[in-house]
Amino acid sequence: MRQNPSFAMTDVGELRRLVDRNPWVTLVSSTDDGLVASHYAVLLDEDRDGLSIVGHVGKPDDLIHGLGERELLVVVQGPHGYISPGWYGHAANVPTWNFVSAHLAGVPEVLSTEENLRVLDRLVARFENRMPQPRLLWEPPNDPAYVERLERGTVGFRLTPTRVVAKRKLSQNKAADVVDTIIAELSGDGSYANPALADEMRRAHAAMRAAQ
């Protein structure tokens, strides 16, 4: 992803927020047979304050990616959507796509069995929490033997990236009235309504205006 200083996102708190709100990521590795990609959910590492994530892959994806042996690229995709040139007024313009995305790269650390079990437990709890009657990892009808057998089919990892490229392209180069129009269009009920992207733009521009 080519970086543009006007759209760069470097604040660790904002990067952590992006990962936390968008945990379904793409894992990319370069192998002797070419590029490979997988898709998994990740979590922030609760034991570290910086930008560190934990997750797991199913076997044999660990071998395919060379987990723990070579660089892994984790692509985090936040809110994104189409922006019509009609929202800019009558000036000459073309369509674009607004988005928030981060690329985290580094050699991951392979977790121990105990660490992996904790991550799997947290992962289930994170998403089951919304259910009216959550089914947690260690609760019946699951028993310890089942959970331990499940863990043996996975490999947990921790990635503290050594390279981060993060971009938040949210019409920062447009006048305030145009930004307000775009947010209103995304918040409405039109063909390209996108409340999540509207919220992200609203939040980012409020912070920019407060800093001026």
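Whatever comes next refers back to the structure up there.
What you see is a predicted model; the values in this text were computed from it and never measured. (Residues numbered from 1 in each chain as written. Predicted model: local features only at pLDDT ≥ 70, side-chain atom pairs only at ≥ 80, totals over all residues. Heavy atoms only, no water.)

## Overview of the overall build of the protein
Move 1: Scanning the protein for helices and strands turns up six helices and eight strands.
Move 2: When the helices and strands of the protein are placed in sequence order, the string is α-β-β-β-α-β-β-β-α-α-β-β-α-α.
Move 3: For the protein, buried positions account for 42% of its 212 residues.
Move 4: Residue pairs at least 24 apart in sequence account for 72% of intrachain contacts in the protein once pairs closer than 6 positions are excluded. (Helix = DSSP H or I, 4+ residues; strand = E, 2+ residues; numbered from the N terminus. Buried < 20%, exposed > 50% of the residue type's maximum accessible area, 1.4 Å probe, protein only. Contact = heavy atoms within 4.5 Å.)

## With respect to the pattern of salt bridges
Any two side chains of opposite charge can pair, given that their charged atoms come close.
Move 1: Summed over the entire model, instances satisfying the criterion amount to twelve salt bridges.
Move 2: Where D20 meets R126, a salt bridge forms, and the shortest distance between an N and an O atom there is 3.4 Å. Placement of D20 in helix α1 (residues 12–21) and of R126 in helix α3 (residues 113–128) is noted, with a sequence separation of 106 residues between them.
Move 3: Between D180 and R209 there is a salt bridge; the shortest N-O distance is 3.3 Å. (Salt bridge = Lys/Arg side-chain N within 4 Å of Asp/Glu carboxyl O.)

## Here we look at the nonpolar core
Move 1: Residues V74 and L104 are the most contacted members of the largest nonpolar core, which totals 36 residues.
Move 2: Sort the elements by how many residues they give to this core and helix α5 (residues 176–187) lands first, with five residues.
Move 3: The contacts of L104, once residues within four sequence positions are left out, are V19, L51, I53, L72, L73, V74, V76, L159, P161, R163 and V164.
Move 4: In terms of nonpolar packing, the next biggest core, distinct from the first, is built from six residues, A41, V54, V119 and L123 among them. (Core = buried A, V, L, I, M, F, W, Y, C linked by side-chain atoms within 4.5 Å.)

## Quick notes on the pairing of strand β7 (residues 154–159)
Move 1: Counting buried residues along β7, six of its six residues qualify, which places the element largely inside the surrounding structure.
Move 2: Here β7 shows a buried face lined by T154, G156 and R158 and a second buried face lined by V155, F157 and L159.
Move 3: Where strand β3 (residues 53–58) meets β7, six bridges bridge the pair, whose relative direction is antiparallel. The residue bridging V54 from the neighbouring strand is R158, located in β7.
Move 4: Bridge count for strand β6 (residues 109–110) against β7 is two bridges, and the pairing is antiparallel. Bridged to V110 within β7 is F157. (Pairing = 2+ DSSP bridges.)

## Considerations on empty space enclosed by the protein
Move 1: Counting across every chain of the model gives one cavity of 30 Å³ or more.
Move 2: Taken as a whole, the largest cavity holds about 60 Å³ of empty space.
Move 3: Considering the residues around the largest cavity, the lining is formed by M9, E14, R17, L18, R21, N22, P79, V100, R168 and E200.
Move 4: Here the element with the most residues in the lining of the largest cavity is α1; it accounts for four residues.
Move 5: Of the residues assigned to the lining of the largest cavity, the class counts are four nonpolar, one polar and five charged. (1 Å grid on protein atoms, 1.4 Å probe; cavity = no way out; pocket = protein on both sides within 12 Å on 5 of 7 lines; lining within 4 Å. Points joined across faces, edges and corners; volume = space filled by probe spheres on them. Nonpolar A, V, L, I, M, F, W, Y, C, P; charged D, E, K, R; others polar.)

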